[in-house]
Amino acid sequence: MTNHLSNRINSLPISQTLAMAAKARELKEQGIDIISLSLGEPDFNTPDFIKNAAIQAINENYNSYTPVNGYGELREAICSKFKRDNNISYTPNQIVVSTGAKQSIANVAMVLLNPGDEVILPAPYWVSYSAITILAEAKYIEIPSTIETDFKITPEQLEAAITPKTKMIFFNSPNNPSGTVYTEEEFRALAKVLEKHPNIYILSDEIYEHINYGVPNFSFAAIESMYDRTITVNGVAKAFAMTGWRVGYIGAPEWIAKACTKMQGQITSGTNCIAQRATITALDAPVSKIQYMVDEFKTRRDLILGLLNNIKGIKTNVPQGAFYVFPDISYYFGKTIQGKTINNSSDFSMLLLEKANVATVSGDAFGAPNCVRISYAASQDNLKEAVKRIANVLA
Ligand code: GLU
């Protein structure tokens, strides 16, 4: 059949995180006992105090269209949160609430990038950064990193990747998929390079900020010289176990916030009214209210690292944040296991799915072809069983 779809959609890769999650769901529905460690999604319920705020909002008849950039009260709450957690001063007209951090990122890319612009992606990077860059008809330039350097890029690498066409850099700490958290000193060293290039914007995705096991959080926009060209992206999905509520937001220079509001006004309008009311309650609460989830994630991280490190050929670092491990599995390339030859990380991930019934996401999708992403946002029993199955197959 003739393909009548636009070049835009034809050139867009499918989201590998969502595709793997869908595949795992499909196999489960067929009755196969799949353990899904593919999707980055807390397995906790949204805390009751947030759910109650949503119920109250329904009863108080919050049902009308919302302001495109979000309720004023929510934007105030976001400003207080930025001040409290990130030491960044924003005013409500610098905030835009969106239907998830993913939409926030897409808004920013659409309003800042022109065809032919270059966007720097420190690898590994979340799958949708490259896809959204493609949608904006810009070109992404990867900066590679390896497990040996804890997947961190250096100021020298950053400097070398910059060209006159560079318009933006995506920065993500704690990182999905590697769990890497940059220190303040490392942030400042990268900022020193960017200071020499005043036309480059920084999209700082801080969605995992609270899922951090010890390295103090730091934000690009907290560096004075970066404030005017940083877009800070965040949301409630990961920290508050609110993935399905779809609330993300940015803090940005006002002209960028205004442009994002204009973009969103033509595409989705304001975010869901009930979810916005619940988000006010979530953000106003002390961070200590969600510490039990972070503590549990840390226990699971230690558990899965301990188990994986007993398997020959799996190399891990110690992720300091988020809820992923991103082992280097290149030892298995060229080997044949249960009749399947492993040539790359996709083959490895498919082997785990088909022979161990464990769903993961191949590192290719994140710009790191030697690795595979395992989400440990799953119960300890499931993690133990999953690693046991993986070990059996690889043995
Ligand atoms: N961000 C999560 C992940 O990486 C959710 C899926 C997605 O939106 O990519 O698994």
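The structure displayed is predicted, hence computed values, not measured ones. (Residues numbered from 1 in each chain as written. Predicted model: local features only at pLDDT ≥ 70, side-chain atom pairs only at ≥ 80, totals over all residues. Heavy atoms only, no water.)

> Can you break down the site of the ligand residue by residue, with the values?
Around the ligand sit Thr17, Leu18, Leu39, Gly40, Lys102, Trp126, Asn176, Lys238, Tyr324 and Arg373, and that is every residue in its neighbourhood. In this structure, an oxygen atom belonging to the ligand sits 2.8 Å away from a main-chain N or O atom of glycine 40. A distance of 3.0 Å separates an oxygen atom of the ligand from a polar atom in the side chain of lysine 102. With the chains in place, 88% of the 280 Å² that the ligand exposes on its own is no longer accessible. (Near = heavy atom within 4 Å. Polar contact = N/O pair within 3.5 Å; in protein donor to acceptor, adjacent residues only side chain to side chain. Areas by Shrake-Rupley, 256 points an atom, 1.4 Å probe, with all protein chains shown as cover.)

> Any details on the nonpolar core? Residues and values, ideally.
Among the nonpolar cores identified, the biggest contains 110 residues, and Met168, Ile231, Phe240 and Leu394 are the most heavily contacted of them. Once residues lying within four places of it in the same chain are set aside, the contact partners of phenylalanine 240 are Thr46, Pro47, Ile50, Ala282, Leu283, Ile290 and Met293. Of all hydrophobic cores here, the second largest spans 20 residues; its members include Ile153, Ala161, Phe218 and Phe220. (Core = buried A, V, L, I, M, F, W, Y, C linked by side-chain atoms within 4.5 Å. Buried < 20%, exposed > 50% of the residue type's maximum accessible area, 1.4 Å probe, protein only. Contact = heavy atoms within 4.5 Å.)

> I'd love a proper account of the packing of helix α4 (residues 72-86) against helix α11 (residues 273-284), names of residues and values included.
Running from N to C, α4 and α11 point in directions that differ by 25°, and their axes come no closer than 9 Å. The orientation of α4 with respect to α11, classified from their angle, is roughly parallel. Two packed elements cross with a definite hand, and for α4 against α11 that hand is left-handed. Contacts between α4 and α11 involve Glu73, Leu74, Ala77, Ile78, Lys81 and Arg84 from the former and Gln276, Arg277, Thr279, Ile280, Leu283 and Asp284 from the latter. Within the contact of α4 with α11, the residues separate by chemical class into five nonpolar, two polar and five charged. (Axes fitted to C-alpha atoms, helices over the stretch in contact; angles between N-to-C directions. Helix = DSSP H or I, 4+ residues; strand = E, 2+ residues; numbered from the N terminus. Parallel < 35°, antiparallel > 145°, perpendicular 65-115°, else oblique. Left-handed = near helix turned anticlockwise from the far one by under 90°. Nonpolar A, V, L, I, M, F, W, Y, C, P; charged D, E, K, R; others polar.)

> Could you give an account of unusual backbone geometry, with specific residues and numbers?
For the bond from alanine 123 to proline 124, the omega torsion is 0°, close enough to zero to count as cis. With respect to the helices, strands and loops of the structure, proline 124 is situated in the loop between β3 (118-122) and α6 (127-135). A cis amide bond links asparagine 176 with the next residue in sequence, proline 177, at an omega value of 20°. Its place among the elements puts proline 177 in the loop between β5 (166-172) and α8 (184-195). For phenylalanine 151, which is not glycine, the phi torsion reads 60° and is therefore positive. Looking at the secondary structure, you find phenylalanine 151 in the loop between β4 (139-143) and α7 (155-161). Looking at phenylalanine 151, the relative accessible area reads 5%, which means it is buried. If you check the backbone angles, glutamine 338 has positive phi at about 45° while not being a glycine.

> Describe the sheet that holds strand β13 (residues 361-362), naming the residues involved and giving the relevant values.
Paired through their backbone hydrogen bonds, the strands of a sheet run either parallel or antiparallel. Spatially, the three strands line up as an open sheet ordered β9-β14-β13, and their pairing is antiparallel. The open sheet terminates on both sides in strands that have one partner only, identified here as β9 (324-325) and β13. In terms of strand pairing, β9 meets strand β14 (residues 372-375) through two bridges, oriented antiparallel. For tyrosine 324, the partnering residue across the bridge sits in β14 and is serine 375. (Pairing = 2+ DSSP bridges.)

> Help me get a handle on the pairing of β14, residues and values and all.
Regular strands place their side chains on alternate faces of the sheet. With burial as the criterion, each face of β14 is covered, one bearing Val372 and Ile374 and the other bearing Arg373 and Ser375. Strand direction decides the pairing type here: β13 and β14, joined by two bridges, are antiparallel. When the sheet's bridge partners are listed, valine 361 is paired in β14 with arginine 373.

> Now, about the packing of helix α13 (residues 345-356) against helix α14 (residues 380-394): what can you tell me, with residues and values included?
Any two packed helices are characterised by how steeply their axes cross, that is the angle between the axes, and by the distance between the axes. Viewed as axis vectors pointing N to C, α13 and α14 meet at an angle of 105°, and their least axial separation amounts to 10 Å. When the axis of α13 is compared with that of α14, the two are roughly perpendicular. Residues Phe348, Leu351, Leu352, Lys355 and Ala356 of α13 lie in contact with α14, whose contacting residues are Arg389, Ile390, Val393 and Leu394. Of the residues in the contact of α13 with α14, the class split is seven nonpolar, no polar and two charged.

> Can you tell me about the sheet that holds strand β8 (residues 248-251), naming the residues and giving the values?
Strand order in the open sheet made by the seven strands is β2-β8-β7-β6-β5-β3-β4, with mixed pairing throughout. The sheet terminates laterally at β2 (95-98) and β4, the two strands that pair on one side only. Across the sheet, the mean angle separating the axes of adjacent strands is 20° when strand polarity is ignored. Pairing of β3 with β4, which is carried by five bridges, proceeds in the parallel orientation. When the bridges of β4 are listed, glutamate 118 appears paired with lysine 139.

> Quick rundown of the state of the cysteines? Include the residues and the values.
Evaluation of the coordinates by the stated rule reveals zero disulfides. Free cysteine cysteine 260: the closest other cysteine sulfur is in cysteine 79, separated by 15 Å. (Disulfide = S-S within 2.5 Å.)

> Provide a residue-level description of the pattern of salt bridges, including the pertinent values.
Counted according to the given criterion, the structure contains 19 salt bridges. Measuring nitrogen to oxygen at the nearest pair gives 2.8 Å for the salt bridge that ties arginine 84 to aspartate 85. With its nearest N and O atoms 2.9 Å apart, the salt bridge here joins glutamate 296 to arginine 300. On the criterion of helical spacing, the pair formed by glutamate 296 and arginine 300 is a turn pair, its members being four residues apart in helix α12 (residues 291-308). Accessibility expressed as a relative area gives 4% for arginine 300, which makes it buried. (Salt bridge = Lys/Arg side-chain N within 4 Å of Asp/Glu carboxyl O.)

> Could you give an account of the environment of proline 319, with specific residues and numbers?
Tracing the backbone through its elements, the reader meets proline 319 in the loop between α12 and β9. Taking the relative accessible area as the measure of exposure, proline 319 reaches 0% and is therefore buried. Beyond its immediate stretch of four places on either side in the chain, proline 319 contacts Ser178, Gly179, Tyr213, Arg301, Leu305, Tyr324 and Val325.

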